[in-house]
Amino acid sequence: MDFKQVKENEEKAVLKNKNVVDSDFWRQKYHIQGIVGLINDPNGFSQFNGEYHMFYQWNPLSTEHKNKTWAHSKSHDLLHWERCETALRPDTWYSKNGVYSGSGIVIDGKLYLFYTGNVKDAEGNRESYQCIAVSEDGEHFDRWEPSIVNQPDGYTRHIRDPKIWEKDGKYYAVLGIQSEKLEGKVVLYSSENIKNWKFEGEIAGANHGKLKDFGFMWECPDYFQLKDEKTGKIIDLLVASPQGLEPQGDLYNNKYQTGYFFGKLDYEKPEFEIRSEFVEIDRGHDFYAPQSMEDNKGRRIVVGWMGVPEDEDFPTVKNEWIHCLTLPRKLKVRDGKLYQEPISEMVSIRGEKIEFEGFVKGEKEIGKGKTYELIVKFSDISSDFGLKLRVGKNSETVVKFDFEDKKLVLDRSCGAQADKSVRKVFLGDRKDLELRIFVDNSSIEVFVNNGEEVFSSRIFPLENADKIIVFAENETKVKLEKWEWQ
Ligand code: FRU
């Protein structure tokens, strides 16, 4: 293939499909999405010259997982994004079958991207190259020849998704990898100069340390530290997206999972000593391969792909696009527990407000809306209760507290999506419950009790479905505020 055509083909596909994409009423208002085609993982999430930069896996040519580029958008507030020129295309020998996921770091006023070049030969055999690209202006990237060409001994060619950070003047990266025994793992590399990388060792994975069988591949690892807001203790987190976990009750019901371990990274051994269970970060249907960054306000912000590989039967495909990223969230640890909070910028897009305060028994319509924020507090709980959103003919998304099981349930089965399964999380005994919910044209994100749990799911309501209904079996006290998004 002539590499010059790669950019031309992208431009042609955008021209050809943009109108049909733009005509789709499921296009999102405040979520990053591709202008056409397919997007998946967030990449290179960083802050450079006073702006947030988000890159993301993008196939401009079709809605399949092929031809991956790094699309690029930038923003002052993490909500209004301006699209930039595509940062990296599969137009080098070492990335000809896809510029796969990776991360970004700012060093001495330059933005460095560290990514995986995916190459396949005629028989479909894979090669993976870990590569650097650098930019002085945050728009144009110089690509260097691969930094890591071979995988370490004992592993397959499935090595990818470098997440880079700096510590004491040295650079480190975690990568997802597969062992020759087909176990998913995370390995650590280090570099003195960002160009030459040294294999340090395997730090976590399936059949590593305490962890028994735990998937055949771990994708998109992330490592960072958070300070416990109550105890002041520094806690290390390892986030990963393992593939191959079996469902267990309410857990692991998506095709592939994303979760975290608390623990401690020992750089010398090297080893990530696991000190917790694997906890799924998100309880919804569509969350995978998140990436975090610390911004200049000291916030650890995370964005995920609002999708899951191989579970992508979405009705937008007929309009030549699929997928989006989640809203950004802030992570914090309090008293040994991880919380995810909507970023404070969310209030800046609040428009017209409606309120309701009173007792509800049965169903009560509160108002209407398609793209909005809603905060609702339920108290004096003694039965099932909840909300029905985007309600209309053949459409409703239900967020319900199941009183007997003490679980919060997200049911998106009534709508245009193929998957009809529900997602649940156990909350335990509650006297009251607070939900903060963000509804966009084709998604819902539910933050439970200040971010103890989050559900992120794509929803596909029919066009005019916009009613907001509160329901409760027994009389329940409800206080609700809803802001239409500006
Ligand atoms: C995760 C992933 C990554 C890979 C990228 C390719 O969704 O499979 O491991 O780098 O997507 O698009």
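Residues numbered from 1 in each chain as written. Predicted model: local features only at pLDDT ≥ 70, side-chain atom pairs only at ≥ 80, totals over all residues.

Here the focus is unusual backbone geometry. Omega for the peptide link from Lys-269 to Pro-270 comes to -15 degrees, which places this bond in the cis form. Considering the arrangement of structural elements, one finds Pro-270 in the loop between strand E15 (259-266) and strand E16 (271-274). In the Ramachandran plot, Asp-161 falls in the positive-phi region, its phi being about 70 degrees despite a non-glycine side chain. As for its placement among the helices and strands, Asp-161 is situated in strand E9 (residues 155-167). Here the phi dihedral of Asp-335 falls at roughly 55 degrees; this positive angle occurs in a residue that is not glycine. Structurally, Asp-335 can be placed in the loop between strand E21 (329-334) and strand E22 (337-342). A count of 9 C-beta atoms within 10 Å places Asp-335 in the exposed class. (Helix = DSSP H or I, 4+ residues; strand = E, 2+ residues; numbered from the N terminus. Buried ≥ 20, exposed ≤ 12 C-beta atoms within 10 Å, placed from the backbone.)

This brings us to the UniProt feature "domain: Glycosyl hydrolase family 32 C-terminal" (unreviewed entry) in the protein chain. Under the UniProt annotation, "domain: Glycosyl hydrolase family 32 C-terminal" (unreviewed entry) lies at residues 367-481. Between the C-alpha atoms that bound residues 367-481 the distance is 11 Å, and the span itself is 0% helix and 64% strand. (UniProt positions renumbered as here; feature names shortened; annotations may be inferred.)

Among the structural elements, Asp-432 can be located in the loop between strand E28 (422-426) and strand E29 (433-440). Exposure remark for Asp-432: the 13 C-beta atoms within 10 Å place this residue in the partly exposed category. On a C-alpha basis, the gap between Asp-432 and Ile-381 in space is 6.1 Å, while along the polypeptide they are 51 residues apart. In contact with Asp-432, not counting residues within four places along its chain, are Lys-377, Phe-378, Ser-379 and Ile-381. (Contact = placed C-beta atoms within 7 Å.)

Read from one edge to the other, the open sheet built from 4 strands follows the order E5-E6-E7-E8, with strand pairing classed as antiparallel. Edge strands, defined here as strands with exactly one partner in the open sheet, are strand E5 (99-107) and strand E8 (142-143). Pairing geometry for strand E6 (residues 110-120) and strand E7 (residues 126-135), over 10 bridges, is antiparallel. Across the sheet, Leu-111 pairs through a bridge with Ser-135, a residue of E7. (Pairing = 2+ DSSP bridges.)

Here we come to the site of the ligand. Taken together, 14 residues lie near the ligand, and Gln-57, Tyr-100, Ser-101, Glu-219 and Ala-289 sit nearest. Its residues assigned to classes, the shell around the ligand shows 5 nonpolar, 4 polar and 5 charged. (Near = placed C-beta within 6 Å. Nonpolar A, V, L, I, M, F, W, Y, C, P; charged D, E, K, R; others polar.)

Buried residues dominate strand E10 (residues 170-179), accounting for 9 of its 10 residues. By the bridge criterion, 8 bridges tie E9 to E10 in an arrangement that is antiparallel. Bridge pairing links Ile-159 to Ile-177 in E10. Hairpin connection between E9 and E10: a loop of 2 residues separates the two successive antiparallel strands, and Asp-168 in this loop has a positive phi of roughly 50 degrees. As judged from the 8 bridges shared by E10 and strand E11 (residues 184-191), these two strands associate in the antiparallel manner. Counterpart to Leu-175 in the pairing with E11 is Val-187. The antiparallel hairpin formed by E10 and E11 contains 4 residues in its connecting segment, where Leu-182 sits at a positive phi of about 65 degrees.

Ranked by size, the top nonpolar core spans 74 residues in total, and within it Met-54, Tyr-56, Leu-88, Tyr-115, Ala-173, Val-186 and Leu-238 carry the most contacts. The element best represented in this core is E10, accounting for 6 residues. Not counting the four nearest positions on each side in its chain, Tyr-115 is found in contact with Asn-43, Trp-70, Leu-88, Val-99, Tyr-100, Ser-101, Gly-102 and Cys-131. Grouped together as the second largest cluster of nonpolar side chains are 35 residues, Tyr-372, Ile-437, Val-439 and Ile-459 included. (Core = buried A, V, L, I, M, F, W, Y, C linked by C-beta atoms within 7 Å.)

Here we take up the UniProt feature "domain: Glycosyl hydrolase family 32 N-terminal" (unreviewed entry) in the protein chain. The UniProt record annotates "domain: Glycosyl hydrolase family 32 N-terminal" (unreviewed entry) at residues 31-342. As a span, residues 31-342 carries 0% helix and 54% strand, and end to end its C-alpha atoms are 13 Å apart.

A few words on the domain arrangement of the protein chain. We note that the domain assignment places domain 1 (4-343) and domain 2 (345-485) within the protein chain. Here domain 1 and domain 2 have C-alpha centroids that lie 30 Å from each other. Contacts between the two partners involve 32 residues from domain 1, matched on the other side by 36 residues from domain 2. Ranked by residues supplied to the side of domain 1 that touches domain 2, first place goes to E22 with 4 residues. Broken down by class, the residue content of the side of domain 1 that touches domain 2 amounts to 14 nonpolar, 8 polar and 10 charged. (Domains from an automatic or database assignment.)

A few words now on the environment of Glu-85. Relative to the elements of secondary structure, Glu-85 occurs in strand E4 (residues 81-88). Using a count of 10 C-beta atoms within 10 Å as the deciding quantity, one classes Glu-85 as exposed. Not counting residues up to four positions away in its chain, the partners in contact with Glu-85 are His-72 and Glu-139.

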